[in-house]
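Analysis of the macromolecular model
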Amino acid sequence: MDGTRGDPAALLLLADSRLPAGGHAHSGGVEEAVRLGTVTDVDDLARFLRGRLATAGLVTAALSAAACELAAAEDVRRRLWRRLDDEADARTASPAQREAARTQGRLLLRTARRLWPSAALDTLARAIPEGPHHPIALGAAAASAGCEPQQAALAAAYTSVTGPATAAVRLLGLDPVTVHRLLADLAPALNDAAHAACASLMDTVLTEPDPAGAGTPPDDSDPLPGDAPGSARTEWRGGWAGLPGHSAPALDLLAEGHLANPMKLFVS
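It is worth spelling out the overall build of the chain at this point. Looking only at helices and strands, one finds 11 helices and two strands in the chain. In the chain, the order of α-helices and β-strands from amino to carboxyl end is α-α-α-α-α-α-α-α-α-α-β-β-α. A burial count over the chain gives 50% of its 268 residues as buried. Taking as baseline every contact in the chain between residues at least 6 positions apart, the subset at least 24 positions apart corresponds to 83%. Surface exposure of the chain reaches about 12,400 Å², of which carbon and sulfur atoms provide 58%.

This brings us to the pattern of salt bridges. Oppositely charged side chains can form a pair if their charged atoms are brought close together. Inspection of the entire model under this criterion finds nine salt bridges. For R102, the salt bridge is made with D85, and the minimal N-O distance between the two is 2.7 Å. One end of the pair, R102, is in helix α5 (residues 95-115); the other, D85, is in helix α4 (residues 78-90), with 17 residues separating them in the sequence. You'll find R102 and D85 in the same group, each marked buried. Salt-bridge contacts for R181 lead to D185; the nearest nitrogen and oxygen are separated by 2.9 Å.

A separate point is the side chain of T123. With respect to the helices, strands and loops of the structure, T123 is situated in helix α6 (residues 119-127). For T123, a relative accessible area of 12% corresponds to the buried category. Once residues lying within four places of it in the same chain are set aside, the contact partners of T123 are V76, R78 and W81.

The subject of this paragraph is the nonpolar core. Membership of the largest hydrophobic core comes to 75 residues, with the highest contact counts inside it found for L45, W81 and L84. With 15 residues, the top contributor of residues to this core is helix α3 (residues 42-72). Once residues within four sequence positions are removed from consideration, W81 is found in contact with A67, L70, A71, V76, A120, T123, L124, A127, I128, I136 and A140.

Here the focus is α3. At G57, α3 shows its strongest bend, of approximately 40°. Where α3 starts, the residue carrying a side-chain oxygen 3.3 Å from the main-chain nitrogen of D43 turns out to be D41.

With respect to the secondary-structure elements, L84 resides in helix α4. Measuring from C-alpha to C-alpha, the distance between L84 and L70 comes to 9.2 Å, with 14 residues separating the pair along the chain. Ignoring sequence-local partners within four residues, the contact set of L84 consists of L63, A66, A67, L70, I136, W240 and L243.

Closest axis-to-axis distance for the α4/α6 pair is 9 Å, and the angle between their directions is 65°. Taken together, the axes of α4 and α6 lie roughly perpendicular to each other. Read as a crossing pair, α4 and α6 show a hand that is right-handed. Contacts between α4 and α6 pair R78, W81 and R82 from the former with A120, T123, L124, R126 and A127 from the latter.

Let us now look at helix α1 (residues 8-15). Taken as a whole, α1 has its buried residues at A10, L11, L14 and A15. Down the axis, α1 shows its buried residues gathered within 130° of arc, on one side only. Considering only its buried residues, α1 is in contact with α7 (134-144) and α8 (149-172).

As a further point, take the confidence of the model for the chain. Scored by pLDDT, the chain comes out at a mean of 84, with 84% of its residues at no less than 70. Confidence over residues 205-234 falls short of pLDDT 50; this stretch has 51 contacts with residues more than four positions distant or in other chains.

This part covers the side chain of R52. Along the chain, R52 turns up in helix α3. In terms of polar contacts, R52 uses its side chain to reach the backbone carbonyl oxygen of G28, at 2.8 Å. With residues near it in sequence (within four places) discarded, R52 still touches G28, G57, S160, P164 and L251.

Attention now moves to the environment of A127. Mapping A127 onto the fold places it in helix α6. Among the residues examined, A127 registers a relative accessible area of 7% and is labelled buried. Considered as a pair, A127 and L80 are 47 residues apart in the sequence and their alpha carbons are 8.8 Å apart. Setting aside its immediate chain neighbours within four residues, A127 contacts R78, W81 and R82.

What counts as what
Residues numbered from 1 in each chain as written. Predicted model: local features only at pLDDT ≥ 70, side-chain atom pairs only at ≥ 80, totals over all residues. Heavy atoms only, no water. Helix = DSSP H or I, 4+ residues; strand = E, 2+ residues; numbered from the N terminus. Buried < 20%, exposed > 50% of the residue type's maximum accessible area, 1.4 Å probe, protein only. Contact = heavy atoms within 4.5 Å. Areas by Shrake-Rupley, 256 points an atom, 1.4 Å probe, with all protein chains shown as cover. Salt bridge = Lys/Arg side-chain N within 4 Å of Asp/Glu carboxyl O. Core = buried A, V, L, I, M, F, W, Y, C linked by side-chain atoms within 4.5 Å. Bend = angle between axes of the 7 residues up to and from the residue. Polar contact = N/O pair within 3.5 Å; in protein donor to acceptor, adjacent residues only side chain to side chain. Axes fitted to C-alpha atoms, helices over the stretch in contact; angles between N-to-C directions. Parallel < 35°, antiparallel > 145°, perpendicular 65-115°, else oblique. Left-handed = near helix turned anticlockwise from the far one by under 90°. Arc of directions from axis to C-beta. pLDDT = per-residue confidence, 0-100.

What follows is the structure in structure tokens.
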């Protein structure tokens, strides 16, 4: 998966904090970390960002790459979008984080459908009317904008640290240039995360089952409401077993604590 083949301008638009998708309202857990005294200065923030990128950032990058790959396939059924969104749900233990991810995903999907209209985005919106997880919406938007899975993964990894970094500047009054130096230092780790995210998709192959449906679970042959009669029965062979598992319990605790805090600047 060579990320250089996709549209670099579209990648910049997707990763732009000014994209009207609500990302500016979320701190990625850093607001609660500041309240608890875990993040008090630039050094604390640097450790927080590296930890977040290595855990939640890697998971969201892999999910975004998977969504981008799925959106680029032809005749993708709504059931597959629901299944991938379930994978995101299973990797998000905190109810507060799940709610925040769906809120951001719903807003991003709405914006992306206006910027880059596509059948894949329309199908995703119908498949998950309550709003997909943010990395799922990001990957689908990336494919519709002409990006490759590795670019979607890079955008997801990037936003997993830029949101908290920007929030920390506002919450602690840190020097913006110093904080951006932290992000610049993370550039190699961001690229590594994107590569690792795409490596998790190596065993995931999109195929068309044989007419008898051999090897396809019976429930996967049943259309969801709204699926076109006689539509192609596209199926994932191997699923998403290679996706990284959840590994950030500290972020779960921060999200739940933030939800219970009545005095907060950010939604999450």
